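An overview of the molecular structure
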Amino acid sequence: MFNPTMKCSECLTDVNQLDIKYHTADGSKIFCGPKCSLDFHQRKNNEKTNNNIKDFNNNNSNITTSTSD
Ligand SMILES: [Zn+2]
């Protein structure tokens with residue numbers, strides 16, 4: 001049976017899509033757990049102060065596309 005996974009945007013751990021509990025509001029990035037989610041959002045807040053809104057303009061809903069960072 002096809003078992004889709006996504007990579008945690010923080011630590012790149014494979015996470016079964018059925019097990020995803022933490023993700024961004026738009027679902028474009030997922031996290032393996034609360035720590036990675038927290039780390040991401042804290043960094044996001046820091047980026048906001050630099051007026052960096054690139055992520056908001058790049059909402060690629062194709063979940064098979066790997067994030068380039
Ligand atoms: Zn993680």
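What counts and what doesn't
Residues numbered from 1 in each chain as written. Predicted model: local features only at pLDDT ≥ 70, side-chain atom pairs only at ≥ 80, totals over all residues. Helix = DSSP H or I, 4+ residues; strand = E, 2+ residues; numbered from the N terminus. Buried ≥ 20, exposed ≤ 12 C-beta atoms within 10 Å, placed from the backbone. Contact = placed C-beta atoms within 7 Å. pLDDT = per-residue confidence, 0-100. Core = buried A, V, L, I, M, F, W, Y, C linked by C-beta atoms within 7 Å.

Description of the overall build of the protein
The helix and strand inventory of the protein stands at one helix and four strands. In sequence order, the protein lays out its α and β elements as β-β-β-β-α. Here the protein holds 69 residues, and the buried ones make up 16% of them. Restricting the contact set of the protein to residue pairs at least 6 apart, pairs at least 24 apart contribute 29%.

Observations regarding the environment of Phe40
Relative to the helices and strands, Phe40 is located in helix α1 (residues 34-49). C-alpha separation for the pair Phe40 and Ile30, spaced ten residues apart in sequence, amounts to 9.9 Å. Once you skip the residues sitting within four places of it in the chain, Phe40 turns out to touch Ser9, Glu10, Lys29 and Phe31.

Focus on the confidence of the model for the protein
For the protein, mean pLDDT is 82; residues scoring 70 or higher make up 70% of the total. The secondary-structure element of the protein with the lowest mean pLDDT is α1, recorded at 90, while strand β4 (residues 30-31) shows the highest, at 97.

With respect to the nonpolar core
Counting residues in each nonpolar core, the largest one holds eight residues, listed as Met6, Cys8, Val15, Tyr22, Ile30, Phe31, Cys32 and Cys36. Contacts of Cys32, omitting those with residues within four sequence positions, involve Cys8, Cys11, Thr13 and Val15.

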